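Coordinates in review
Here's the letter readout for the chains.
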Amino acid sequence: MKMTKAEEVSTLLFLLVTIIPLAAQGSRLNSWANQLEESGKDKVTNLQFYFHDTLSGKNPTAVKVAQAADTDKSPTLFGSVFMIDDALTETADPKSKLVGRAQGLYGSSCKEELGLLMAMSFCFEDGPYKDSTISMIGKNSAMNPIREMPIVGGTGMFRMARGYAIAQTHWFDPKTGDAIVGYNVTVVH
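Rules behind the numbers
- Residues numbered from 1 in each chain as written.
- Predicted model: local features only at pLDDT ≥ 70, side-chain atom pairs only at ≥ 80, totals over all residues.
- Heavy atoms only, no water.
- Helix = DSSP H or I, 4+ residues; strand = E, 2+ residues; numbered from the N terminus.
- Contact = heavy atoms within 4.5 Å.
- Areas by Shrake-Rupley, 256 points an atom, 1.4 Å probe, with all protein chains shown as cover.
- Salt bridge = Lys/Arg side-chain N within 4 Å of Asp/Glu carboxyl O.
- Buried < 20%, exposed > 50% of the residue type's maximum accessible area, 1.4 Å probe, protein only.
- Polar contact = N/O pair within 3.5 Å; in protein donor to acceptor, adjacent residues only side chain to side chain.
- Phe/Tyr/Trp six-rings, centres within 6.5 Å; stacked < 30°, edge-to-face > 60°.

1. With respect to the overall build of the protein
Within the protein, the regular secondary structure consists of one helix and nine strands. In the protein, 46% of the contacts between residues at least 6 apart in sequence involve partners at least 24 apart. Carbon and sulfur atoms make up 59% of the accessible area of the protein, which totals about 12,500 Å².

Next up, the structure:
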């Protein structure tokens, strides 16, 4: 039985339409996961900047957005939550060069000590890291002279970041809660 020219073309088109997608699908590991090429060695970056947390005055950068029923009775302000948009500068001087902003929230999460759960992004606005961010989440035992918190991610130049942040209070006003905190951040990305 000999096929006509039209039948041959039709059969060929049918085979191409069914075999090529099947072959392409077989080249993947799974339908939901693909192995990507390795990107080479990781970079390690160290950043030093100052965080200016202002709760007082006409233009605060940290505002209380929630509190528990018993927060006012707690010596640690347990249950209070603050939303922040704090300046990050090159030096402890609030008028020094702005390098970015810390945006996110922190809440008093400890009954026995002034311990804050911090969840924020360091959003850089200057230099080679402009428009890149570093994400930090973890406990900040605020009354300890030196604290360490984890870096859990980032965007832009810091995509896939991991590392740690060392915080050290430079200045604190116990009447207002205003503070300037030095950060030394080491990031692998």
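2. Re the environment of Lys130
Considering the arrangement of structural elements, one finds Lys130 in the loop between β5 (115-124) and β6 (133-141). When the C-alpha atoms of Lys130 and Gly156 are compared, they prove to be 8.7 Å apart, with 26 residues separating the residues in sequence. Here Lys130 is in contact with Phe124 and Glu125, once residues within four sequence places are set aside.

3. Some remarks on the pattern of salt bridges
Tallied over the full model, the rule gives five salt bridges. The residue Arg101 makes a salt bridge to Asp85 at a minimum N-O spacing of 2.7 Å. Here Arg101, found in strand β4 (residues 98-108), pairs with Asp85, found in strand β3 (residues 81-89); they are 16 residues apart in sequence, far enough to count as distant. Accessibility expressed as a relative area gives 32% for Asp85, which makes it partly exposed. Between Asp126 and Lys97 there is a salt bridge, and its shortest N-O distance comes to 2.9 Å. With Asp126 in the loop between β5 and β6 and Lys97 in the loop between β3 and β4, this pair connects stretches of sequence that are 29 residues apart. Classification of Asp126 as partly exposed rests on a relative accessible area of 30%. Residue class for Lys97 comes out partly exposed when judged on its relative accessible area of 42%.

4. Some words on the side chain of His52
Tracing the backbone through its elements, the reader meets His52 in strand β1 (residues 44-53). Separated by 2.6 Å, the side chains of His52 and Thr89 make a polar contact. Excluding residues that lie within four positions of it along the chain, His52 makes contacts with Thr61, Asp86, Ala87, Thr89, Thr91, Ala92, Asp93, Pro94, Ala179 and Ile180.

5. A few points about the packing of aromatic side chains
Within the structure shown, the criterion is met by eight aromatic pairs. Relative to Tyr106, the ring of Phe82 lies with its centre 5.4 Å away and its plane at 25°, an arrangement referred to as stacked. Placement of Phe82 in strand β3 and of Tyr106 in strand β4 is noted, with a sequence separation of 24 residues between them. One exposure class covers both Phe82 and Tyr106, and it is buried. Summarising the aromatic geometry, the rings of Tyr129 and Phe158 are spaced 4.8 Å apart at their centres and angled 35° between planes, so their arrangement reads as tilted. Taken together, the residues Tyr129 in the loop between β5 and β6 and Phe158 in the loop between β7 (146-155) and β8 (162-172) connect sequence positions 29 residues apart. In textbook terms, an aromatic cluster arises when at least three aromatic residues are bridged by ring pairs, as seen for Phe49, Phe51, Phe122, Phe124, Tyr129, Phe158 and Tyr183.

6. A look at the side chain of Ser132
Inspection of the secondary structure assignment puts Ser132 in the loop between β5 and β6. Its relative accessible area of 2% is what places Ser132 among the buried residues. At 2.8 Å, the side chain of Ser132 and the backbone nitrogen of Met157 are in polar contact. For Ser132, the contacting residues outside a window of four places in its chain are Phe122, Cys123, Phe124, Thr155, Gly156, Met157 and Phe158.

Nothing here speaks to function; it is geometry throughout.
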